[in-house]
Amino acid sequence: EVHLVESGGGLVQPGGSLRLSCAASGFTYSYYAMSWVRQAPAKGLEWVSTIRDDGSSTRYADSVKGRFTISRDNAKNTVYLQMNSLKPEDTAVYYCAARRVTATSYNFWGQGTQVTVSS
């Protein structure tokens, strides 16, 4: 059975930092690109960042570029999102998602972790 379990969310003040983790199991993790996608209250899904299956390249949405860093540890089947200089507009549920290179959409999703940026 496939599992993607996010952790690390919480309440943080503007300008603060959080590190999200997503632990994967039930599939061959190293074959999949991993992404973070978020959904703010009353808004649609917004892609945040993606890292290749081998970790050789990363991409970021303009809204988080320079503040967020995605990384992965294939030995631990875990992907991370380091979030610095957080803003209130970063408040959202953050999901990790897995996509096989040959797939046109995400194959697996986690259940999400809440990030709230507020003073």
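Residues numbered from 1 in each chain as written. Predicted model: local features only at pLDDT ≥ 70, side-chain atom pairs only at ≥ 80, totals over all residues. Heavy atoms only, no water.

A. Structural view of the nonpolar core. The biggest cluster of nonpolar side chains holds 29 residues, and the ones touching the most others in it are Met34, Trp36, Val79, Leu81, Met83 and Tyr94. Of all the secondary structure elements, the ones that give two or more residues to this core are strand 3 (18–25), strand 4 (32–39), strand 5 (45–51), strand 7 (68–73), strand 8 (78–83), strand 9 (92–100) and strand 11 (113–117). Excluding its chain neighbours within four sequence positions, the residues that come into contact with Met83 are Gly16, Ser17, Leu18, Leu20, Arg67, Phe68, Tyr94 and Val115. (Core = buried A, V, L, I, M, F, W, Y, C linked by side-chain atoms within 4.5 Å. Buried < 20%, exposed > 50% of the residue type's maximum accessible area, 1.4 Å probe, protein only. Helix = DSSP H or I, 4+ residues; strand = E, 2+ residues; numbered from the N terminus. Contact = heavy atoms within 4.5 Å.)

B. Looking closely at the packing of aromatic side chains. Inspection of every chain in the model, using the stated rule, returns six aromatic pairs. Measuring from centroid to centroid gives 4.9 Å for Phe27 and Tyr32, while their planes differ by 75°, and the two rings are edge-to-face. Neither residue differs from the other here; Phe27 and Tyr32 are each classed as buried. Ring geometry for Tyr95 against Trp109: centres 6.2 Å apart, planes inclined by 80°, an arrangement best described as edge-to-face. With Tyr95 in strand 9 and Trp109 in strand 10 (residues 108–109), this residue pair connects regions lying 14 residues apart in the sequence. Given a relative accessible area of 18%, Tyr95 falls into the buried group. Taking the relative accessible area as the measure of exposure, Trp109 reaches 39% and is therefore partly exposed. (Phe/Tyr/Trp six-rings, centres within 6.5 Å; stacked < 30°, edge-to-face > 60°.)

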